[in-house]
Amino acid sequence: MAIAPRVTAGVAAAGISSFALLYAPQSVLPQLATDFRLDPGGASLAVGVATGALAVAVLPVAALSEVVGRRRVILISVVASAVLGLLLPLAPNFETLLVLRALQGIAIAGFPGVAAAYLMELLGGAGVAAAVGAMIAGNSVGGMAGRLAAGLVAEPLGWHGALAAVAGVSALCAVVTVLTLPPSPPRAKTRHGGGMRAAFSRPVLLAQYGVAAAGVGSFVAVYNAAGFRLIHDLGLAPAIASLVFLAYAMGTLSSGAAGRLVGRYGKRPVLVGALLITVLGTLLTIPDSLTLVVTGLVVLTGGFFAAHAVANGWAAAEAPEGARGHVSGMYTLFFYVGSSVGGTLGSMVYGRAGWNWLVVFTAAWLLAAVAGVLTEGRRRRDHQRHGVGRERARTAGGGRQAALSGGPARRDSGRAA
């Protein structure tokens, strides 16, 4: 089997396994709340604890891969997370389930934290695009499949059976990864001083980190509460309610479209537009109409994934030389911190104040991200304008000085003398 198909199959399977496991509990939050007598905010910890642990672990795991090798870290990640997934249905209480979910988040961190660097080492710049596309597709399919599979079987099998089913599929994907993922090539060890400092050196990078945190925090907050709204407020059966996660497929379409629009209109207008579309999607879910709620979720999903694609690519493009890995790691860190914190806080808002206040909460986060992007753009334009003004003043001043001193030839002859 040629190396490109092998690595494509390996990373796609790893993406499906990792993201199916990470988000599968989102579909069964209402069942967890009922069984463990929790409010929506408490139940959402089943998602938030894992994404929070992933965020904390991603940078240390990336550093570990420099020592033990990236392929080894990826393999340990997919195998360990699948094993922990098989243990989740056996949790005797919610506290034990949260401990297992935290360990699972740490295990999953080995894939998103290392995969891009592994692919770049293995395939180089010319061959990496197709493999990265397969990885992102696997991530998207995994996130949707985990939610859908858990939701569809939750009613007949309960949340135990739902999580076990997802873990079984993820275990099969882990086997595919182990069998197909090629070894990393030998590499020279390099050191880049100040990489972490450089990752925070440019305001444009800070703006993209803010988009990552606010965007995914709002997205996860809405989807954490969507099951409660569809089942309790709109009266759907859990299996039917889980079909709303098909909206996740909109992310694949919108992220690709965003890349084409950036080439035509530029990063900032497309990013701001995508964030505002995400806000529009949240607003559409306010009426107690199933049609509008589903439409709103589709619009929100498309807007979020478009914004994520633009911000992620923008951060990579603006990364200083020698700090690309650190910038990628920090973007991932902010993304999963936002997922954990925003998702949990949003669920708490919904549980205590209702859906409308959740919409206010998520819209405020998204508009704050818009403000950050626009403020950075204004600062950059002012900086460029002042830089041009200083350059013109310096040029004009040099010309006047040359005239007073008899021109450049006279100055040069004077220095020579």
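Residues numbered from 1 in each chain as written. Predicted model: local features only at pLDDT ≥ 70, side-chain atom pairs only at ≥ 80, totals over all residues. Heavy atoms only, no water.

Per an unreviewed UniProt entry, the recorded name for the chain is MFS transporter, and the organism is Nonomuraea mangrovi. The UniProt entry for the chain carries the following text under Sequence similarities (unreviewed entry): "Belongs to the major facilitator superfamily." In UniProt, the chain has this text filed under Subcellular location (unreviewed entry): "Cell membrane". (UniProt positions renumbered as here; feature names shortened; annotations may be inferred.)

Participant: How do you make sense of the overall build of the chain when you look at a structure like this?
Facilitator: A tally of helices and strands in the chain yields 16 helices and 0 strands. Taking contacts inside the chain between residues at least 6 apart in sequence as the whole, the part at least 24 apart equals 83%. Looking at the chain as shown, the accessible area adds up to about 18,300 Å², and 67% of this sits on carbon and sulfur atoms. (Helix = DSSP H or I, 4+ residues; strand = E, 2+ residues; numbered from the N terminus. Contact = heavy atoms within 4.5 Å. Areas by Shrake-Rupley, 256 points an atom, 1.4 Å probe, with all protein chains shown as cover.)

Participant: When you look at unusual backbone geometry in this model, what are you seeing that I'm missing?
Facilitator: Although it is not a glycine, arginine 37 sits at a positive phi angle of roughly 55°. Mapped onto the fold, arginine 37 is located in the loop between α2 (29–36) and α3 (40–43). For arginine 37, a relative accessible area of 80% translates into the label exposed. (Buried < 20%, exposed > 50% of the residue type's maximum accessible area, 1.4 Å probe, protein only.)

Participant: Is there a simple way to explain helix α6 (residues 94–108) in this structure?
Facilitator: Spacing of three or four residues puts side chains on the same side of an α-helix, whose turn is 3.6 residues. Taking 1.5 Å as the rise per residue, α6 with 15 residues should run 21 Å; its terminal C-alpha atoms sit 20 Å apart, in good agreement. Among the residues of α6, the N-terminal cap falls to asparagine 93, whose side-chain oxygen and the backbone nitrogen of glutamate 95 are separated by 3.3 Å. (Expected span 1.5 Å × (residues − 1). Polar contact = N/O pair within 3.5 Å; in protein donor to acceptor, adjacent residues only side chain to side chain.)

Participant: Got a minute to help me understand the packing of aromatic side chains in this structure?
Facilitator: Evaluation of the coordinates by the stated rule reveals 13 aromatic pairs. Where tyrosine 223 meets phenylalanine 245, the ring centres are 5.6 Å apart and the plane angle is 25°; that geometry is what we call stacked. In this pair, tyrosine 223 is assigned in helix α9 (residues 203–233) and phenylalanine 245 in the loop between α10 (238–242) and α11 (250–265), connecting sequence segments 22 residues apart. Considered together, tyrosine 223 and phenylalanine 245 belong to a single accessibility category, that of buried residues. For the pair phenylalanine 304 and phenylalanine 305, a centre-to-centre distance of 5.0 Å together with 65° between the ring planes defines the contact as edge-to-face. For the pair phenylalanine 304 and phenylalanine 305, one class covers both residues: buried. By way of ring pairs, the aromatic residues Phe219, Tyr223, Phe245, Phe304, Phe305, Phe335 and Tyr336 are connected into one cluster. Here the basic side chain of arginine 147 rests over the ring of tyrosine 23, its NZ or CZ set 4.3 Å away from the ring centre. (Phe/Tyr/Trp six-rings, centres within 6.5 Å; stacked < 30°, edge-to-face > 60°. Lys NZ or Arg CZ within 6 Å of the ring centre and 35° of its normal.)

Participant: Hey, could you run me through the pattern of salt bridges in this one?
Facilitator: Within the structure shown, the criterion is met by 5 salt bridges. A salt bridge links arginine 268 to glutamate 376; its shortest N-O distance comes to 2.8 Å. Here arginine 268, found in helix α12 (residues 267–284), pairs with glutamate 376, found in helix α15 (residues 355–404); they are 108 residues apart in sequence, far enough to count as distant. Given the relative accessible area of 18%, arginine 268 is considered buried. Among the ionic pairs, glutamate 376 bridges to arginine 379, the shortest N-O distance being 3.8 Å. Taken together, the residues span about one helical turn, with glutamate 376 and arginine 379 both in helix α15 at a distance of 3 residues. Judged by relative accessible area, glutamate 376 falls into the buried class, the value being 4%. Taken together, the salt bridges that share partners define one network made up of Arg229, Asp233 and Asp288. (Salt bridge = Lys/Arg side-chain N within 4 Å of Asp/Glu carboxyl O.)

Participant: Would you mind going over the nonpolar core with me for this structure?
Facilitator: Where a protein is soluble and globular, its nonpolar side chains tend to be buried together. If you look at the biggest cluster of nonpolar residues, it comprises 113 residues, and the most contacted ones within it are Leu22, Val28, Leu97, Phe219, Leu271, Leu275 and Tyr336. Looking at which element gives the most residues to this core, the answer is α9, with 17 residues. Not counting residues up to four positions away in its chain, the partners in contact with leucine 271 are Gln208, Val211, Ala307, Val310, Ala311, Trp314 and Val373. (Core = buried A, V, L, I, M, F, W, Y, C linked by side-chain atoms within 4.5 Å.)

Participant: It is not clear to me how a nonpolar patch on the surface should be interpreted in this structure. Could you clarify?
Facilitator: Side chains of Val79, Val83, Leu87, Leu90, Val175, Val178 and Leu179 sit close together on the surface and give an oily, nonpolar patch of about 620 Å² of accessible area. Contributions of two or more residues to the nonpolar patch are made by α5 (70–87) and α7 (115–180). Looking at the element boundaries, leucine 90 is found in the loop between α5 and α6. Leucine 90 sits in the exposed class, given a relative accessible area of 65%. (Patch = residues over 30% accessible without salt bridge, like charges linked within 9 Å, V, L, I, M, F, W, Y side chains within 5 Å.)

Participant: Is there a simple way to think about the environment of leucine 276 in this case?
Facilitator: In this fold, leucine 276 is placed in helix α12. For leucine 276, a relative accessible area of 42% gives the class partly exposed. Ignoring sequence-local partners within four residues, the contact set of leucine 276 consists of Leu367 and Val370.

Participant: Hey, could you run me through the packing of α12 against helix α13 (residues 290–318) in this one?
Facilitator: Packed helices, taken two at a time, are described by the angle their axes make and the gap between the axes. Relative to each other, α12 and α13 sit at 155°, their axes nearing to 7 Å. Here α12 is positioned roughly antiparallel relative to α13, judged by the angle of their axes. In this structure, α12 crosses over α13, and the sense of that crossing is left-handed. Of the residues in the contact of α12 with α13, the class split is 16 nonpolar, 6 polar and 2 charged. (Axes fitted to C-alpha atoms, helices over the stretch in contact; angles between N-to-C directions. Parallel < 35°, antiparallel > 145°, perpendicular 65-115°, else oblique. Left-handed = near helix turned anticlockwise from the far one by under 90°. Nonpolar A, V, L, I, M, F, W, Y, C, P; charged D, E, K, R; others polar.)

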